[in-house]
Amino acid sequence: MTHLDADAFFAAVEQAADPRLRGKPVAVGGERRGIIASASYEARRFGVYTPMPSVRARQLCPHLILLPGDFDKYEQFSRWMFSYAYDFTPNVEITSIDEGYCDLRGVRRPVIEVARTIRDAIRQALKITVSEGIGANKLVSQIASKLEKPAAFKFVPSGEEIAFLHPLPNRWLPGIGPKTAARLNAAGLALIRHIAETPVEWLSLVLGRAAPQIHRFAHGLDDRPVVPASEPAKSYSQQETFPQDQTDEPFLEATLRRMADHLFAQVRADGRSVRTLTVKVRYNDRTEDQVSESLVEPTDLETDVYGRLGLMLRRAWRRRVSLRLVALKLSNLYDGRFGAELPLDRSAQQREARRRLADVVDRLRAERGRDVVMRGHDLLLRQGAPDPTPRGLGP
Amino acid sequence: MADIPLYGAIPAGFARERQQEAKGCVSLDLATLGFRPTSRTFALEVRGDSMIGRHIVDGDVVILEHGKTPRNGDVVAALVDNESTLKTFVQEHGQAPYLRAENPRYPRLHPVGELVIQGVMVGLVRKCGRKNAE
Ligand SMILES: [Mg+2]
């Protein structure tokens, strides 16, 4: 298994696109968000890291070149970056804009040689560097790629997983965030070795239901397969087929908003953001239309897209024919949250308030079911689908 | 039919305001295209007049292939100072390759070495009924 992870991706793409920026401290961060989303290694030398308020970054590094994100460009580079892996195998799993796994076992050349070829091709063609980790499974390869960034190339031979993992701090294991790490440290389980040596029953006192999985990880065991996608990126999607064909626009729009609620809750639970929305409609004669739209910046909040959904529905619904199905897809995945975590201005504060509200809603719904919190569209949907109007009287 | 992703406008001239919105796809008939697009095939809309000498004008959509090795005389899209620009790839025997505009008003030559070549042109689509560039 090989894990591919671009180094300081957004900042690196900016430096690739404009040689005048190379060798200089560059960061990508929205003025709107006031947060650094990516910092070049030159900027990191000044102590700039992500996420950090842009104001603080400027204090640390007065010559910092702060650029707004150009996500079209990053997605273009991402697509091309992974195309060099697809040269060797279809078994590529793109997990975010700049990270993915490839299973190179089927390739006739030695894995190390192929991984090196992919890396060199990316550097040569795109002028960005990637770090690669090669190991027995996803867990080991992912940690190996991140351990010695940038431009790392780390091979963990089979049989040496334990020796590789055990001296590392617990936070390297997937599923261990800062809070869990602190709890484990308090319990005297600072290293992966400590977790491996602790019986699962004891571990579950700290880790709950995640304990068996994390215990297996601590032993270097991971059987998660590469899930190649027929389309180049993973996505979140939901569709609804109506028992009776629909023409009622408010009802359909409310249905899309409810889908957005559901899908964005998943996006948040995965610690992701998305940038592209697709609305698909299926007519009563089974033909389909769809439209896609990309936001200026990725988001993890449904409230950022509510306003778009009605417009997209009307654009997708081209024919004056009643609908049998609507679907919503969220794609172009980014790791992490893009909204301001440290509110600096009024709009950022409002976003932060909405984010906290979204978290509370997620938690309440997880505990007590969806209906515990109802938004306007939920109330509309509760009245049930309107009586279908005669066919042909569409929007 | 084949759907090819269409990225923002590409200035074939002086730098202009870059277009931010994603432009979706162009759908082309495979027979018209004359080749089968790959995951590295993409399209760009031309802005400006720097390629007028190659009869590529404002409003044209060029079809490009990323990762193809350019040969002397090929039209390529490259990122120059953070702008997608269309240029002719020139490599004379033994010399380091460079990029050249096809309009005497744009005399600057760009050494290729440190540039990102986005793609090599493999096709051109001219929209019908478009108003002339001049
Ligand atoms: Mg990365």
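*Asks:* Teacher, can you tell me more about the packing of helix α10 (residues 200-207) of chain A against helix α11 (residues 211-218) of chain A here?
*Replies:* Pairs of packed helices are described in terms of their axes, by the angle between the two and the distance that separates them. Residues and elements named next belong to chain A. Packing of α10 against α11 brings their axes to within 9 Å, and their N-to-C directions diverge by 115°. The hand of the α10/α11 crossing is right-handed. Here α10 contributes V200, L203, S204 and L207 to the contact with α11, which in turn contributes A211, P212, I214 and H215. Within the contact of α10 with α11, the residues separate by chemical class into 6 nonpolar, 2 polar and no charged.

*Asks:* Can you help me understand the environment of A:E288 in this one?
*Replies:* Residues and elements named next belong to chain A. Checked against the element boundaries, E288 lands in strand β11 (residues 288-299). A count of 13 C-beta atoms within 10 Å places E288 in the partly exposed class. Along the backbone, E288 and R318 are 30 residues apart, and their C-alpha atoms lie at a distance of 9.6 Å.

*Asks:* For this particular structure, what's the right way to read the pairing of strand β5 (residues 92-96) of chain A?
*Replies:* Side chains on a regular strand alternate between the two faces of the sheet. Residues and elements named next belong to chain A. Burial within β5 is extensive, with 4 of its 5 residues counted as buried. In this structure, β5 lies alongside strand β6 (residues 99-102), joined through 4 bridges in antiparallel fashion. By the bridge assignment, V92 is partnered in β6 with C102. As consecutive antiparallel partners, β5 and β6 are separated by 2 residues.

*Asks:* Before we go on, may I ask you to explain the sheet that holds strand β9 (residues 236-246) of chain A in this structure?
*Replies:* Within a sheet, adjacent strands bond to each other through the backbone by hydrogen bonds, running parallel or antiparallel. Residues and elements named next belong to chain A. Strand order in this open sheet of 4 strands is β9-β12-β10-β11, and the pairing throughout is antiparallel. Edge positions in the sheet fall to β9 and β11, since each has one partner strand and no second. Between one strand axis and the next, the sheet turns by 15° as a mean value, whatever way the strands run. Pairing of β9 with strand β12 (residues 323-335), which is carried by 7 bridges, proceeds in the antiparallel orientation. Directly across from Q239, in β12, lies its bridge partner A327. Against the sheet, helix α13 (residues 306-316) touches β10 (272-283) and β11, its axis set at about 35° to β10.

*Asks:* What am I meant to see in the sheet that holds strand β7 (residues 130-134) of chain A here?
*Replies:* All names here are of chain A. Reading across the sheet, the 5 strands line up as β5-β6-β1-β7-β8 and stay open at both edges, with mixed pairing between neighbours. Looking at which strands have only one partner, the edges of the open sheet turn out to be β5 and β8 (153-155). Taking the axes of each pair of neighbouring strands and ignoring which way they run, one obtains an average angle of 15° across the sheet. One ladder, built from 5 bridges, connects strand β1 (residues 2-6) with β7; its direction is antiparallel. Along β7, the bridge assignment pairs D5 with S131. Along the sheet face, helix α6 (residues 138-147) touches β1, β6, β7 and β8 and points at about 145° away from the line of β7.

About the cut-offs
- Residues numbered from 1 in each chain as written.
- Chains lettered and ligands numbered in written order.
- Predicted model: local features only at pLDDT ≥ 70, side-chain atom pairs only at ≥ 80, totals over all residues.
- Axes fitted to C-alpha atoms, helices over the stretch in contact; angles between N-to-C directions.
- Helix = DSSP H or I, 4+ residues; strand = E, 2+ residues; numbered from the N terminus.
- Left-handed = near helix turned anticlockwise from the far one by under 90°.
- Contact = placed C-beta atoms within 7 Å.
- Nonpolar A, V, L, I, M, F, W, Y, C, P; charged D, E, K, R; others polar.
- Buried ≥ 20, exposed ≤ 12 C-beta atoms within 10 Å, placed from the backbone.
- Pairing = 2+ DSSP bridges.

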